[in-house]
Amino acid sequence: MEAVTSNHAHAGRIPSASTGHSRALRLLPALCLALCALTAFFATATPARAETPAAPTQAAYLADRLREQPVYVTDQLPRAVPRSTAPEFARLAEGTGVPTYVLVLPAESVRDGKELLGAVHDRLGRDGLYVLVDDHGVTDATAFGVRAPADDAWSTQLYELPYDAGPLLSFERFAEVVAQGPEKAAARAEAARAKYEHDEPEAMYIGPSDRRNQSFLTGILLSGVPLLILLLAAYGRRLRRRYAGATRNVDPTAGRASDATARREPDPTAGRKPDPTAGQASDVTAGREPDPAARRMPSAARWRPVPTARRMPSAAGRMPSAAGRMPSPPPVVRVVAVVAVAALAAAAVALTATAVFDQTASSGVRPPTPAEMSARAERVAAGLRQDPVYTDPESPRVLDARRLDRLHQRIDDFRRSDGGGPVYVALVPQSSENESAGDTELFAAAVHAKVGEPGVYVVADPGDGTIDAYNHGLRLDGDRLLFDLPDDITLGDSRADESDDHLLGERLDALMTFLDRTPRTDRPVEGPSPAPAPSPAEDNALPPLFATDFWPGLLVGAFTAFLLSAVLAGVAALVLRRRRPATEPTPHLPLTAPTEPSASYLRRTAYAEISALTREFTERDEQPRAWDRLDAALLLLDGDPGRARRPGTDPATLVTVIVLARAGRAALTGDDSELCCGVNPLHGRGVRLSHVRVSAEDTSRRLLPVCELCRDTAIADPLGIPPRLLRLPAPSGGGRVPYYDATDGPLTAVPRGIARLVDKVRETTGVH
C-alpha cells in the first residue's frame, strides 16, 4: 500500500504528455535548418567521388588470369620475357605430363614464392603443378594433388644451366626433368649437384665487358704478332751476319782437310829432334812452295801448304757447298719474304679472331615488339584515368583501406589548393628488364604522355619501397622535387626497411605534405625530358670486334712485341754465349788468368777461344800465320772444336789450344809477335825474354818470355814470379807442378815461341 501511495505521489509531479509534444514541435524547424547547413558544408568540403569496387588481391588476380590461360606472362619484363613467349611456355608445360600452371612475374612482385603459389592454387581451386618464373629462370614450383618431382626438377635446372640461360630455357629444362618421372629426376638432380656444386657451367653468352676484352686481345695479337716477326727477322739477320764467318769460311774439320790437301804422311821420326836442314827438303818432297820468309824462320816454321785445288773466294760464295747448300737469296727477296709472312700472320690473326669471337648478342631473348614495350605504361595510364592511385594487381598490397582513403583525401586537397593540381600515384615495381630499363623518370614521362594531363607523377615501388616524384606541367618548383626531397620520403628509414609495406602509406602522406609546402611558380613548369632507354636490340647487341678496346690493344700489342723481342734477344744472346762463349779482353788476361786453373775453366776458355778464332777467320791463303795456328789447335782437338768442352781432355792440351787460338786471333789483327808469356801462358802475348826466378826455395832461374806485368814483377820483386807460374796437375798425382814439368807435350815449347809450338804440335800429332 505504501508503495502504491508513493507511486501516486511521484505521478503527480510528472508533466503531462501534451506539454512535451508541443515543445518538440517548436524545436523541429531549428533542427532541420542545422541539418541542411551541415549537409551544405560537407558538400562543399568534399566533392562527390564515385565509389570504386575493392581491387582484387594479388593471388585472386593471378588466379583469374590462370583461369583464362594456364600460362600468364607479365607485361613488366619485355626485355627478358616478352609476352609473345607465352605460347612457347604453354607448349613446354604440356610436355610435363601433368596439369601445369605457369606464372611469369618480376622478382620484385614476389615476397614468398611458395606462399604465393599456395594462395593462387586455393583461389583457382585446380590441382596441378604450379611454377613461378622470373626474369632469370624458374624460382619456385609446387605440386598440388599431382605426383610431380618439382623440387628435383628445380635443382636440376639450377645446377645444369649457367646463370645466363634465360627463363625460357630454364623452364624447358625444368619441364624435361618433370616428364622423366620421380626416380630419374631424383638421380639426375643428385648427379647435377655432385658435378656442379663447386663449379657452375660455363656461361652461354658474353657481355659487353667480355667483348671489350676480346677486342683488346685481338688488337694485341693483330699488331704484336706481325711486328714480332719483323723484329725477330731483323735480329736473326743481324745474328746471321755476325756469325756468318764461321759457317762460310771454316770447316770444323779444317785441320784434317789441310792434311789431305797437303798430302801429308805420318812422320816416322815424330818426336825426334828436327834436322836443321829438313825444312827445305820437306818443301820439295811434299809438293810445297818455298816460303819467301823461309830465310828468316826456323825450318820447322816454314811450312806452308799448297792446295791441290785452290779455292776461289768469289766462286765459293756463289756455288752450293758439298753438303748441298744453296746460295742465300738476295736481301730484297728476304725482306719481301719476311714482310709477306708478317702480312699473312696478321690476316690469320684477323680471320681466326673473327671465327672464334663470333658472338653477336649478349642473350638469347627475342626482341620484343613495340606493343610489348608500351603495354605496361598503357595499363598504368588507363588505371590512373579512373583513379589517381593505381596499385599494381600483380604485386602485394601495400596500402590498406584507411591509408588509401587518406591518400585520396590528400590528393583532393592538393588539387584544390592554390597552384596545385592533379597528383597521380603509380604503385608499380621497377625492374631493369621493363620498358624503361628501371628508370623511374622515364617511366613517369611515358605514363604522363599516355594520360595526357598535367600533374605530379609519383612512382612508388612496392618491391623496394622507393618513391620518386616528377612535375609535369604544374606551377611547382621542379628542382625542389628533384633535389630537395628528403631521404626519409624517397628511400625510407630503418623502420621502413623492416616493414613489409615499407611504410609507403605513411611516406606518401609525408610526400603530400612536402608538395603542399613546395613553392609555386608563375608559370607551369614542364617536367624533365629524360633520354630514351636503349632499345632491346641495342641492349642485347654486342659491340663490333674491331672497335672499343681494339685500338688500345694495337698500341699494347706493338709495345709487347718490342718487349718480347728484347726478351727473346736476351735469351738468344745467353744461349749463343753458352754455345759460343765470349772471350776475355786481351789486356785483362795477366790480371784475370788463374795460376791453378780448374778443368772446367780450361774447357770453357779453350772452347771460347777456338770458337772465336773460327768465327773471325777469313781466308787461309791471306792469313798464313793465323791459319797455321788454327790448324795446329784443331789438330790437338782432332778437328772438332766441340771436343774442347768435353771432359777427358788433358789440361796441358787445353792450355796449348788456348795459347794457339789467342795467338791466331792476334795474328788476324796484324800482331806478328811470336812470344807468349812463359811464366803463365794464359797471360797471353810476351814482350821480351828475361831470366826469372822460378823457385822460391833456391835461386834457379829460367830464360822465359814474359808479359808486361810479369816483366815488371821480375824487376820489382823477383820472388813474386814463382807464385805467378802456371801450375797444372802432376802426371803422377800429388798436387800441382809448373806447367813445363807437368807434361812433355807441345806445351813445353811455349818458352821458345809460337812457331816452335806449332811445329811441336805437328811433330806430336805425326803431321809434317
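Residues numbered from 1 in each chain as written. Predicted model: local features only at pLDDT ≥ 70, side-chain atom pairs only at ≥ 80, totals over all residues. Heavy atoms only, no water.

**Details of the overall build of the protein**
Okay, step 1: The number of helices and strands found in the protein is 29 helices and 14 strands.
Okay, step 2: Look at the contacts in the protein between residues 6 or more apart in sequence, and 72% of them connect residues 24 or more apart.
Okay, step 3: Of the roughly 40,300 Å² of accessible surface on the protein, a fraction of 57% belongs to carbon and sulfur atoms. (Helix = DSSP H or I, 4+ residues; strand = E, 2+ residues; numbered from the N terminus. Contact = heavy atoms within 4.5 Å. Areas by Shrake-Rupley, 256 points an atom, 1.4 Å probe, with all protein chains shown as cover.)

**So, the sheet that holds strand β4 (residues 138-144)**
Okay, step 1: Reading across the sheet, the four strands line up as β1-β2-β3-β4 and stay open at both edges, with mixed pairing between neighbours. Two strands close off the open sheet at either side, each with one partner strand: β1 (71-73) and β4. Averaged over all adjacent pairs, the angle separating strand axes in this sheet is 10°, with direction ignored.
Okay, step 2: Two strands pair when backbone bridges link them, and β1 and strand β2 (residues 100-104) are joined in this way by three bridges, in the parallel orientation. Following the sheet pairing, Tyr 72 is matched in β2 by Leu 103.
Okay, step 3: The sheet strands contacting helix α6 (residues 150-160) are β3 (128-133) and β4, and the helix crosses β4 at an angle near 165°. (Pairing = 2+ DSSP bridges. Axes fitted to C-alpha atoms, helices over the stretch in contact; angles between N-to-C directions.)

**Quick notes on the confidence of the model for the protein**
Okay, step 1: Mean pLDDT over the protein stands at 82; residues scoring 70 or higher make up 80%.
Okay, step 2: Scored below 50 in pLDDT, residues 31-52 shows six contacts in the model against residues more than four places distant or in partner chains. (pLDDT = per-residue confidence, 0-100.)

**Some words on the packing of helix α15 (residues 401-416) against helix α20 (residues 504-517)**
Okay, step 1: Where α15 contacts α20, the axes come no closer than 10 Å and their chain directions differ by 10°. Comparing their axes, α20 and α15 come out roughly parallel. Taken together, the residues of α20 that come into contact with α15 (itself represented by Arg 403, Arg 406, Leu 407, Arg 410, Ile 411 and Phe 414) are Gly 505, Glu 506, Leu 508, Asp 509, Met 512, Thr 513, Leu 515 and Asp 516.
Okay, step 2: Considering only residue class, the contact of α15 with α20 consists of six nonpolar, two polar and six charged. (Parallel < 35°, antiparallel > 145°, perpendicular 65-115°, else oblique. Nonpolar A, V, L, I, M, F, W, Y, C, P; charged D, E, K, R; others polar.)

**A look at helix α3 (residues 58-68)**
Okay, step 1: With eight of 11 residues buried, α3 is to be regarded as a mostly interior element.
Okay, step 2: Turning to α3, its buried residues number three or more, namely Gln 58, Ala 59, Ala 60, Tyr 61, Leu 62, Ala 63, Arg 65 and Leu 66.
Okay, step 3: For α3, the elements touching its buried residues are β1, β2, α5 (113-124) and β3. (Buried < 20%, exposed > 50% of the residue type's maximum accessible area, 1.4 Å probe, protein only.)

**Considerations on the environment of Val 339**
Okay, step 1: When you line up the elements, Val 339 lands in helix α13 (residues 331-356).
Okay, step 2: Note on Val 339: relative accessible area 46%, which makes it partly exposed.
Okay, step 3: Note: C-alpha distance between Val 339 and Leu 227 (112 residues apart in sequence) is 9.6 Å.

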